[in-house]
Amino acid sequence: MSKQPTNTTTSTSAIERLRDEGLAALRGAASLEELAAAKSAHLGKKSPLALAQRGLGQLGPEERRQLGQAINAARAALEEAEAARRSELEAERDRSVLAAEAVDVTLPPRTPRRGSLHPVHETMDAMVDVFVGLGYRVVTGPEVESDWFNFEALNIPPDHPARSLMDTIYVRGLGSEADAYGVTDLLLRTHTSPVQARTMLAQPPPVYVVVPGRVYRSDVADATHLPAFHQIEGLAIDAALSFADLRGTLAELARNLLGPETRIRMRPHHFRFTEPSCEVDAWHDGRWIELLGAGMVHPNVLAHVGYDSAAVQGFAFGIGVERIAMLRHGITDIRLFVENDLRFLSAF
Ligand code: PHE
């Protein structure tokens, strides 16, 4: 009694069809996941090919040999196709991982935005540098100052009309505690000149100091005024300093700030704490520009700090920093310095 072939997988051509279906599925797999699914469908334990293999036992020897060979050949072809497709898909995956994780070394770096010195500060530094180069020492003093240092030590007694020239901002409520000099009458300094007296009281002559700092006047802000602005004070006291030394020193400053060809002129003026006094102009852009006030230190000022005006004399000057910064940078409205507009500030 011969066994009967009972289904399609008992013919070689049916095996070849299974093989072709399998090859198409494996080769067409678009991802490693699809490939794994195709492998299990066409080579797995429950695949038609596996079932056909299990059915071989029911066949006669000749049929079994032919069909067995066809099944083995199909299996080998499918395994080969699976391996080939897998290595393709793996290479593709590696490529895309590399591409996704690649670093573009040619990209420009994101540099942090750098700040820069405020133009007023930069101008103040430039001026201080000139005097440091001439051998001056940099000193500072308090912005909340006593009436004595701001006025009296500078030969401006109480009720003197010179006081009304400076619109002083007085500080109330803080005055109960006397400072080192027993003074309780406090104000916001109207100029850096009080540091003249502070410096001389603290040391014997000779004195060569510059004093950068903020000063206050009860002015309303407009294009040329601010209620808080900056000055640089200079003070030189020595055995034989003259007006010519003052002129030479200020000419050096002007050349450094405004260019080596810059000329200056001195006009008579009046300050209570210098005698004689002058205002100094610089020739800039075809006109005379007022730079600063200066003069020979008044004997009364020297006497107030215990200096012997028969043995030493010297000069002092006070420069408005914003004014010079405006000249240097061609700025026409002083309020730009305090508006903190980045479009303005980042131009420097
Ligand atoms: N303190 C004066 C002012 O603020 C400037 C000055 C300083 C003048 C030193 C003479 C000497 O106007």
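A brief report on the enclosed structure follows. Owing to the predicted nature of the structure, the values given are computational and were not obtained by experimental measurement.

The rules behind these values
- Numbering of residues starts from 1 in every chain and runs along the sequence as written.
- Local features are withheld for residues below a pLDDT of 70 in this predicted model, meaning they are given only at 70 or higher, and side-chain atom pairs are given and counted only at 80 or more; totals for whole chains, interfaces and linings count all residues.
- The basis for every side-chain value is the complete set of non-hydrogen atoms in the structure, without hydrogens or water.
- Secondary structure counts use DSSP, requiring at least four H or I residues in a row for a helix and at least two E residues in a row for a strand, with both numbered from the N terminus.
- Our radius of gyration is a C-alpha quantity, and the globule rule it is checked against amounts to 2.2 Å times the number of residues to the power 0.38.
- Residue burial is assigned from relative accessible area. The probe radius is 1.4 Å, only protein chains are included, and a residue is buried under 20% of its type maximum, exposed over 50%, and partly exposed in between.
- Residues count as neighbours in contact if any of their non-hydrogen atoms are within 4.5 Å of one another.
- Note that accessible areas follow from Shrake-Rupley with a 1.4 Å probe, and for residues the cover is restricted to the protein chains shown.
- Charge counting follows a simple rule: Lys and Arg are positive, Asp and Glu are negative, and His as well as the terminal groups are ignored.
- Lys charges are placed at NZ, Arg charges at CZ, Asp charges at CG and Glu charges at CD.
- For two strands to pair, DSSP has to find at least two bridges joining them.
- To get an axis, a line is fitted to the C-alpha atoms, and for a helix only the part in contact is used. The angle between two axes follows their N-to-C directions and goes from 0 to 180 degrees.
- Within 3.5 Å is the distance limit for a polar contact, defined as a pair of N or O atoms, with the added protein rule that one can donate a hydrogen and the other accept it, and that residues adjacent in sequence qualify only through two side-chain atoms.
- Here the word oblique covers every angle except those under 35 degrees (roughly parallel), over 145 (roughly antiparallel) and from 65 to 115 (roughly perpendicular).
- Two helices cross in a left-handed way if the nearer one is turned anticlockwise from the farther one by less than a right angle. They cross in a right-handed way if the turn is clockwise.
- Note that Gly is not counted as nonpolar here; it falls among the polar residues with everything else outside the nonpolar set of Ala, Val, Leu, Ile, Met, Phe, Trp, Tyr, Cys and Pro and the charged set of Asp, Glu, Lys and Arg.

Glancing now at the overall build of the protein chain. From N to C terminus, the protein chain includes twelve helices and ten strands. Since a compact globule built from 348 residues should have a radius of gyration of about 20 Å, the 47 Å found for the protein chain marks it as more spread out than a globular shape. The C-alpha extent of the protein chain, read off along each of the three principal axes, is 150 × 50 × 40 Å. Counting over 348 residues, the protein chain shows a buried share of 42%. Relative to all contacts within the protein chain whose residues are 6 or more apart in sequence, the contacts with residues 24 or more apart total 64%. For the protein chain, the exposed surface amounts to about 19,300 Å²; the carbon and sulfur share of it is 53%. Positive and negative charge centroids in the protein chain, built from 36 and 45 side chains respectively, lie 12 Å apart.

Time to look at the sheet that holds strand S3 (residues 169–171). Pairing within the open sheet is antiparallel, and its three strands lie in the order S2-S4-S3. Looking along the sheet, the strands with just one partner apiece sit at the ends: strand S2 (144–146) and S3. Going from strand to strand, the sheet's axes swing by 45° on average, the running direction of each strand aside. The pairing of S3 with strand S4 (residues 186–188) spans three bridges and is classified as antiparallel. Bridged to valine 171 within S4 is leucine 186.

What follows concerns the environment of threonine 262. Within the fold, threonine 262 resides in the loop between helix H9 (243–258) and strand S7 (264–271). Considered as a pair, threonine 262 and alanine 251 are eleven residues apart in the sequence and their alpha carbons are 7.9 Å apart. Of the polar contacts made by the side chain of threonine 262, one reaches the backbone oxygen of leucine 258; its length is 3.3 Å. Separated by 2.6 Å, the side chain of threonine 262 and the backbone oxygen of glycine 259 make a polar contact.

Counting buried positions along strand S9 (residues 287–297) gives eight out of eleven residues, so the element sits mostly inside the fold. Of the strand pairs in this sheet, strand S8 (residues 274–284) and S9 are connected by nine bridges, and their pairing is antiparallel. Counterpart to tryptophan 283 in the pairing with S9 is tryptophan 288. From the end of S8 to the start of S9, which pair antiparallel, there are two residues, and aspartate 285 there has a positive phi angle of about 55°. In terms of strand pairing, S9 meets strand S10 (residues 313–320) through five bridges, oriented antiparallel. Across the sheet, methionine 296 pairs through a bridge with phenylalanine 315, a residue of S10.

The next subject is the packing of helix H5 (residues 119–133) against H9. One can describe the packing of H5 onto H9 by two numbers: an axis separation of 10 Å at closest approach and a directional angle of 135°. Regarding the angle of H5 to H9, the classification is oblique. Handedness of the H5/H9 crossing: right-handed. Taking contact as the criterion, the partners of Ala126, Met127, Val130 and Phe131 in H5 are, on H9, Thr249, Glu252, Leu253, Asn256 and Leu257. Here the contact of H5 with H9 is composed, by residue class, of six nonpolar, two polar and one charged.

Moving on, we come to helix H8 (residues 194–202). For H8, the buried fraction is high: seven of the nine residues fall into the buried class. Those residues of H8 that fall on the buried side of the exposure criterion are Pro194, Val195, Gln196, Ala197, Arg198, Thr199 and Met200.

Mapping asparagine 150 onto the fold places it in helix H6 (residues 147–150). Judged by relative accessible area, asparagine 150 falls into the buried class, the value being 0%. For asparagine 150, the contacting residues outside a window of four places in its chain are Glu145, Leu187, Arg189, Thr190, His191 and Pro194.

This part covers the packing of H5 against helix H11 (residues 321–329). Closest axis-to-axis distance for the H5/H11 pair is 9 Å, and the angle between their directions is 100°. When the interaxial angle is binned, H5 and H11 end up roughly perpendicular. Here H5 contributes Pro119, Val120, Glu122, Thr123, Met124, Ala126 and Met127 to the contact with H11, which in turn contributes Val321, Glu322, Ile324, Ala325, Arg328 and His329. By residue class, the composition of the contact of H5 with H11 is eight nonpolar, two polar and three charged.

So far we have only geometry, and geometry alone does not tell us how the molecule works.
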